[in-house]
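Each chain, letter by letter, is given below.
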Amino acid sequence: MGLSEKQKMLAGRPYHPGDPELRAEQAAAAAWLARYNAALAEPVEAWQALLAERFGQAGQGAILRPPFHCDYGWNIRLGARVFVNFGCVFLDVARIAIGDDTRIGPGVHIYTADHPRDPARRRTGVESGRPVTIGSNVWIGGGAIILPGITIGDDAIVGAGSVVTHDVAAGTSVAGNPAQELAAG
């Protein structure tokens, strides 16, 4: 018996996102997101309880300000005291892991979803995912975009509006499109 489309997705293999099991998972996430995003006026503790319902991990003291959008939620892991500002989008077809004490500005997009480069293969509708790992004590400025498969090391800084196309080493500051290492200074 072959792997289900969800199993393929979780293994990082090409899969069909329109599969009924995945559509049902997305519908459940959409219902959760409606509740989460409606909780803006609620105390932070209500947000944290909702995160614990859906996320793979929501560390102690993690704050994710609504509105927020994701594919599934259970593929997202937030460390302790992570702060995610308003309007972020996390496409979590693969794991997104964010380390303790990381700060993420408003409107940041983190993408794990990827598509074939070959146009004929892309027309088949398959996609795949590559995980994103963000270390501890990282600061990501507002409007940054983190592409699939990226690792950002501990204590790194990503400037506002940057498009991160390559891994960022620990303790490094990057900015721009594509994001480039900034000179020490």
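Residues numbered from 1 in each chain as written. Predicted model: local features only at pLDDT ≥ 70, side-chain atom pairs only at ≥ 80, totals over all residues. Heavy atoms only, no water.

**A short note on unusual backbone geometry**
- Along the chain, P66 connects to P67 via a cis peptide bond; the corresponding omega equals 5°.
- Note that P67 resides in the loop between β2 (63-64) and β3 (68-70).
- Of the consecutive residues N177 and P178, the connecting peptide bond is found in the cis state with omega at 0°.
- You can see P178 is positioned in the loop between β18 (173-175) and β19 (180-181).
- Its identity is not glycine, yet D101 carries a phi of approximately 65°, on the positive side.
- Assignment of secondary structure puts D101 in the loop between β7 (96-98) and β8 (103-104).
- Here N137, not a glycine, exhibits a phi torsion of approximately 60°, which is positive.
- By secondary structure assignment, the location of N137 is in the loop between β12 (132-134) and β13 (139-140). (Helix = DSSP H or I, 4+ residues; strand = E, 2+ residues; numbered from the N terminus.)

**Considerations on the pattern of salt bridges**
- Under the counting rule described, the total for this entry stands at 6 salt bridges.
- Salt-bridge contacts for K6 lead to E25; the nearest nitrogen and oxygen are separated by 2.8 Å. Here K6, found in helix α1 (residues 5-10), pairs with E25, found in helix α2 (residues 20-37); they are 19 residues apart in sequence, far enough to count as distant. Each of the two residues, K6 as well as E25, counts as buried.
- Across the salt bridge formed by D114 and R130, the nearest N and O atoms sit 3.0 Å from each other. (Salt bridge = Lys/Arg side-chain N within 4 Å of Asp/Glu carboxyl O. Buried < 20%, exposed > 50% of the residue type's maximum accessible area, 1.4 Å probe, protein only.)

**Observations concerning the sheet that holds strand β1 (residues 57-58)**
- Pairing is parallel in the open sheet, where 5 strands are placed in the order β1-β4-β7-β12-β15. The open sheet has two edge strands with one neighbour each: β1 and β15 (151-152). (Pairing = 2+ DSSP bridges.)

**What to know about the side chain of N75**
- Tracing the chain through its elements places N75 in the loop between β3 and β4 (76-78).
- At 3.1 Å, the side chain of N75 and the backbone oxygen of D92 are in polar contact.
- At 3.3 Å, the side chain of N75 and the backbone oxygen of V93 are in polar contact.
- With residues near it in sequence (within four places) discarded, N75 still touches L10, D92, V93, A94, R95 and I96. (Polar contact = N/O pair within 3.5 Å; in protein donor to acceptor, adjacent residues only side chain to side chain. Contact = heavy atoms within 4.5 Å.)

**Section: the packing of α2 against helix α3 (residues 44-54)**
- Between α2 and α3, the shortest axis-to-axis distance is 11 Å and the interhelical angle comes to 175°. As summarised for this structure, α2 and α3 are arranged roughly antiparallel, according to the angle between their axes. Together, E25, A28, A29, W32, R35 and Y36 of α2 and W47, L50, L51, E53 and R54 of α3 make up the contact between the two elements.
- Considered class by class, the residues forming the contact of α2 with α3 number 7 nonpolar, no polar and 4 charged. (Axes fitted to C-alpha atoms, helices over the stretch in contact; angles between N-to-C directions. Parallel < 35°, antiparallel > 145°, perpendicular 65-115°, else oblique. Nonpolar A, V, L, I, M, F, W, Y, C, P; charged D, E, K, R; others polar.)

**Let's talk about the packing of aromatic side chains**
- Counted under the stated rule, the structure contains 5 aromatic pairs.
- One aromatic cluster in this structure is built from W32, Y36, F55, F68 and F90.
- Over the ring of W74 we find K6; its NZ or CZ atom is 4.8 Å from the centre of that ring. (Phe/Tyr/Trp six-rings, centres within 6.5 Å; stacked < 30°, edge-to-face > 60°. Lys NZ or Arg CZ within 6 Å of the ring centre and 35° of its normal.)

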